[in-house]
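# Summary of structural features
In case you want the letters, here they are:
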Amino acid sequence: MKCIKNIAQSIIDIVCEECDKDRHQLLKGTSAECVEARGILIHILSRQLADCQICCVTGLSQQVVNSNKNKFRQKEDRWSVKVTLQEIDKRITADERTKLFSLTNKILIQNKA
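In this text, all values refer to a predicted model and were calculated from it rather than measured experimentally. (Residues numbered from 1 in each chain as written. Predicted model: local features only at pLDDT ≥ 70, side-chain atom pairs only at ≥ 80, totals over all residues. Heavy atoms only, no water.)

Our focus in this paragraph is the overall build of the protein. Along the backbone of the protein there are 7 helices and 0 strands. Starting at the N terminus, the α and β elements of the protein follow one another as α-α-α-α-α-α-α. Once local pairs closer than 6 in sequence are excluded, the contacts in the protein between residues at least 24 apart make up 57%. (Helix = DSSP H or I, 4+ residues; strand = E, 2+ residues; numbered from the N terminus. Contact = heavy atoms within 4.5 Å.)

Before going further, it helps to examine the pattern of salt bridges. Taken as a whole and assessed by the stated rule, the structure comprises 8 salt bridges. Measuring nitrogen to oxygen at the nearest pair gives 3.1 Å for the salt bridge that ties E33 to K21. Of this pair, E33 sits in helix α3 (residues 32–46) while K21 sits in the loop between α1 (2–19) and α2 (23–28), placing them 12 residues apart in sequence. Notably, a salt bridge pairs R47 with D89, separated by 2.7 Å at the nearest N-O pair. You can see R47 sitting in the loop between α3 and α4 (51–58) and its partner D89 sitting in helix α6 (residues 79–94), a full 42 residues away along the chain. (Salt bridge = Lys/Arg side-chain N within 4 Å of Asp/Glu carboxyl O.)

Most often, soluble globular proteins keep nonpolar side chains buried together rather than apart. Counting residues in hydrophobic clusters, the biggest one holds 27 residues, and the most contacted among them are I11, V15, L26, L41, I44, L45 and I88. Broken down by element, this core gets its largest block of residues, 8 residues, from α1. (Core = buried A, V, L, I, M, F, W, Y, C linked by side-chain atoms within 4.5 Å. Buried < 20%, exposed > 50% of the residue type's maximum accessible area, 1.4 Å probe, protein only.)

Turning next to the environment of K21. Among the residues examined, K21 registers a relative accessible area of 15% and is labelled buried. Taking the C-alpha atoms as reference points, K21 and A37, separated by 16 residues in sequence, lie 8.3 Å from one another. Look past the residues within four positions of K21 in its chain and what remains in contact with it is C16, L26, E33 and C34. Reaching out from K21, the side chain makes a polar contact with the side chain of E33 at a distance of 3.1 Å. (Polar contact = N/O pair within 3.5 Å; in protein donor to acceptor, adjacent residues only side chain to side chain.)

In structure tokens:
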């Protein structure tokens, strides 16, 4: 679990930087920008982690994680969300700390096709 936490913390850092939010704003903020950034984070983490693992590494409740996952489906077609998600994915792929997460996700996507 320590490895998962380390990778997730690196991903949280990347999302914070790309969304121009600090960790507290990302995880607890109530503005539309913070909620959108949190949705992006949960979307990225949910590619590889179970909801309970996301709760553990973020400190968010199961209800918050589920709510964000459900609401993100409505937002993911927005241009701003797509661009931000692409930039975060590029950084995750390029970052040595998170490269394994990205590679595993690509393998899973290929296997689904």
